[in-house]
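Read off the chains here:
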Amino acid sequence: MFVIGLTGGLGSGKSTVAEMLRELGAEILNADQIGHQVYAPGGPAYRDIIDAFGTQVLAADGTVDRRRLASIVFQDPQALQRLNAITHPRIREAIRQRLQELAARGVEVAVLEAALLLEAGWDDLVDEVWVTVCPPEVAARRAAQRSGISMEEALARVRAQMPVEERARRAQVIIHTDTDLEDTRRQVEREWARLKARLSTGGR
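Residues numbered from 1 in each chain as written. Predicted model: local features only at pLDDT ≥ 70, side-chain atom pairs only at ≥ 80, totals over all residues. Heavy atoms only, no water.

### Observations concerning the packing of helix α2 (residues 31-39) against helix α5 (residues 77-104)
Item 1. Where α2 contacts α5, the two axes come as close as 9 Å, and the packing angle between them is 115 degrees. The way α2 lies across α5 gives a crossing that is right-handed. Touching Ala31, Ile34, Gly35, Gln37, Val38 and Tyr39 of α2 are Leu83, Thr87, Arg90, Ile91, Ala94, Ile95 and Arg98, all from α5.
Item 2. Broken down by class, the residue content of the contact of α2 with α5 amounts to eight nonpolar, three polar and two charged. (Axes fitted to C-alpha atoms, helices over the stretch in contact; angles between N-to-C directions. Helix = DSSP H or I, 4+ residues; strand = E, 2+ residues; numbered from the N terminus. Left-handed = near helix turned anticlockwise from the far one by under 90°. Contact = heavy atoms within 4.5 Å. Nonpolar A, V, L, I, M, F, W, Y, C, P; charged D, E, K, R; others polar.)

Shown next, in the form of structure tokens:
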């Protein structure tokens, strides 16, 4: 099984590209959804998160309020480090198990959609890194519209992430999303065709 690691910053169009790859025949694994399971009551990180950050991060139903938790850790680098130390190894293990299950099912191409693919060091689980890129202002505007946060907060979150240039340097495929959807789709289809041609001749 060939595994694409699809990454990119907040508002960069990752999910849109993942959906295009799903339509082309790839199996999609979403690291954020796997993270939800890790955070959930009874999940492997739930108790440690409460021990580290207190019951203030819980919603009324006892689940971790990820927006509340984000507001804490995005303002405190040490708190973010502490959260990552709790969650990243557990998410990585869950991803590894899911990829093994897909391979056992005979899936040809899987896509791991993960915003923190490079930061968390999960790129050694994939064969190739694809990154979605767009200017910070475009990404922030999309994030603000989608999440209901202010443009200033969205821009601060975008700028707090790994720089676009660094992500692009570490990727094998770059998809530019500061364009219309049809142009993005053309880029994705072109790269998918190249990949399938390589795989058909035994290449990786």
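### Looking at the environment of Ile86
Item 1. Structurally, Ile86 can be placed in helix α5.
Item 2. A relative accessible area of 12% means that Ile86 is categorised as buried.
Item 3. Separated by 38 residues in the primary sequence, Ile86 and Asp48 place their C-alpha atoms 6.9 Å from one another.
Item 4. Setting aside anything within four residues of it in sequence, one finds Ile86 in contact with Ala45, Asp48, Ile49 and Ala52. (Buried < 20%, exposed > 50% of the residue type's maximum accessible area, 1.4 Å probe, protein only.)

### Points about the nonpolar core
Item 1. Counting 37 residues, the largest nonpolar core has Ile49, Phe53, Leu69, Ile95, Leu112 and Trp122 as the members making the most contacts within it.
Item 2. Elements that contribute at least two residues to this core include exactly α2, α3 (46-53), α4 (66-73), α5, β3 (109-113) and β4 (128-133).
Item 3. When near neighbours in sequence (up to four residues on either side) are disregarded, Leu112 contacts Ile4, Gly5, Leu6, Leu29, Ala31, Ile95, Leu117 and Val126.
Item 4. Of all hydrophobic cores here, the second largest spans 18 residues; its members include Val17, Ile28, Trp192 and Leu199. (Core = buried A, V, L, I, M, F, W, Y, C linked by side-chain atoms within 4.5 Å.)

### Here's the deal with the pairing of strand β5 (residues 173-176)
Item 1. Going residue by residue along β5, you find Val173 and Ile175 tucked away on one face and Ile174 and His176 left uncovered on the opposite face.
Item 2. In this sheet, β5 lies alongside β4 in parallel orientation, the contact comprising four bridges. From the neighbouring strand, Val133 faces β5, where its bridge partner is His176. (Pairing = 2+ DSSP bridges.)

Bear in mind that shape data such as this cannot, by itself, settle questions of function.
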